[in-house]
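Results of the structural survey
Read off the chains here:
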Amino acid sequence: MSTYLEIPIPPSSDHLWRYTPWKRVHPSAVNTIPESQPLAISGCDLQDSELPDSNEIARSFIHSMAKCRELTLKDDDLVIDIKASGHVAVGELKIIANGHNTLVINLMGEASWAGLRVMGEVSPGSSLSISLINELSSDSRVLRVEDWIVGRDANLEFSTLSAGAEYCKCDIRVELFEKGSECYGSVAIHGTGKRHDDHHFEVTHASGHTTSGLVIHAACDDNSRSISTGLLKINADCDGSNAGQIFRNLLLSEKSRAESIPELEVLSDDVKAAHGAASAPVSAEQLHYLMSRGLSESSAEALIVEGFLMDAFKDIRNKKVVAAMRTALLLHLDCLVS
């Protein structure tokens, strides 16, 4: 296993780093490992643990600085805070989900650079609805990498609201390991100012009769940019699998940009697989309708953005997660309007 300093810098031809090169992600010079402090995690009981190093550069970089903590869930309903302070703050979190669980993560703080690596497992017959709300300072940068394994007849719901930090790079990978495993992902991104969001997802169907779905909604304003890439893999001999993904972008200004790159890699015959992407400006008719009923232009636009982003979570079954997302989004939009 290579250590971080032994891993070559990935070229821009590498799909994962095409739109956000590693040199822009790293908090300093790419051939250095800066001094760091641990992410502060509160609201749960954690144990010391270990994660293996990785040959993938982002995971290995965080691993070179971070101490791993383990969270074991068993029919839990938790809200935890992860606070990033100082110049560089990093952490590794191992999550084991047994039974039926809800986990809401608030990622917050003033750190210049934050790195979070998660490795999780949903045990056979179990379920986990996990959400992460990015509330980092507007001048922060964040690197988030996650690896999940979903067991037989298990269910993973993951949700993200990305509204904090100026620069975000996320790489989330899920393996549906056995028959009956399911994964549903919902992501809402709000770009303001010069925000740069790059979200990459890989869902691998490693067994037949598995199901996955991915929905990403990005609303981009000012000079912001959103990049969403999704790769759905259905391996050979995985008949009966069902996979789909859809990306929608709402462009609120002439200078905002959004790229959506859905991909399918299907090596079995008897499967269902679909993808789609669409981008459009804010509707002038909707704005006129709301403003004619007394709303200011900024309030009317915020209402449209709220409805568009919350629609990304319409298929999330866990109502507590949906409520947490709505509350965080409304607070975010209220701050922008005021």
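Structural data are supplied above this passage.
Sequence order sets the numbering: in each chain, residues are counted from 1 along the sequence as written. This being a predicted model, a pLDDT of at least 70 is required before a residue's local features are given, and a value of 80 or more before pairs of side-chain atoms are given or counted; all residues contribute to the totals for chains, interfaces and linings. Heavy atoms throughout the structure, all of them, feed into the side-chain values; hydrogens and water do not.

Looking now at the packing of helix 3 (residues 284-291) against helix 4 (residues 297-310). Axis definition: a line fitted to C-alpha atoms, over the contacting stretch in the case of helices. Angles run 0 to 180 degrees between N-to-C directions. What counts as a helix is a DSSP run of H or I of at least four residues, what counts as a strand is a run of E of at least two, and both are numbered from the N terminus. Interaxial distance between helix 3 and helix 4 falls to 9 Å at its minimum, and their mutual angle equals 125 degrees. Between helix 3 and helix 4, the interaxial angle falls into the category oblique. Between helix 3 and helix 4 the crossing geometry is right-handed. Contact residues: helix 3 offers Gln 286, Leu 287, Leu 290 and Met 291, while helix 4 offers Glu 297, Ala 300, Glu 301, Leu 303 and Ile 304. Charged means Asp, Glu, Lys or Arg here, nonpolar means Ala, Val, Leu, Ile, Met, Phe, Trp, Tyr, Cys or Pro, and polar covers whatever is left, Gly included. Residues belonging to the contact of helix 3 with helix 4 are distributed by class as follows: six nonpolar, one polar and two charged. Angle categories are assigned with fixed cut-offs, so that under 35 degrees is roughly parallel, over 145 is roughly antiparallel, 65 to 115 is roughly perpendicular, and the rest are oblique. Working rule for handedness: look at the near helix, and if it is turned counterclockwise from the far one by less than a right angle, call the crossing left-handed; if clockwise, right-handed. In what follows, a contact means two residues having at least one pair of non-hydrogen atoms within 4.5 Å.

Once that is clear, we can look at the environment of Asp 171. For Asp 171, the location among the structural elements is in strand 12 (residues 167-176). C-alpha of Asp 171 to C-alpha of Cys 238: the two residues are 67 residues apart in sequence and 24 Å apart in space. Residues within four places of Asp 171 in sequence aside, it is in contact with Leu 16, Arg 59, Arg 144, Val 145, Glu 146 and His 200.

Attention now goes to the packing of aromatic side chains. Centre distance within 6.5 Å is the pairing criterion for rings of Phe, Tyr and Trp, where only the six-membered ring of Trp is used; planes under 30 degrees apart are then read as stacked, over 60 as edge-to-face, and the remainder as tilted. Applying the stated criterion across every chain yields a total of six aromatic pairs. Judged by centre distance (5.6 Å) and plane angle (80 degrees), the ring pair of Trp 22 and Phe 61 falls under edge-to-face. Here Trp 22 is found in helix 1 (residues 22-25), whereas its partner Phe 61 is found in helix 2 (residues 57-63), with 39 residues between them in sequence. Buried means the residue's accessible area, taken with a 1.4 Å probe over protein chains only, is under 20% of the maximum for its type, while exposed means over 50%, and partly exposed covers the values in between. The exposure class of Phe 61 is buried, given its relative accessible area of 0%.

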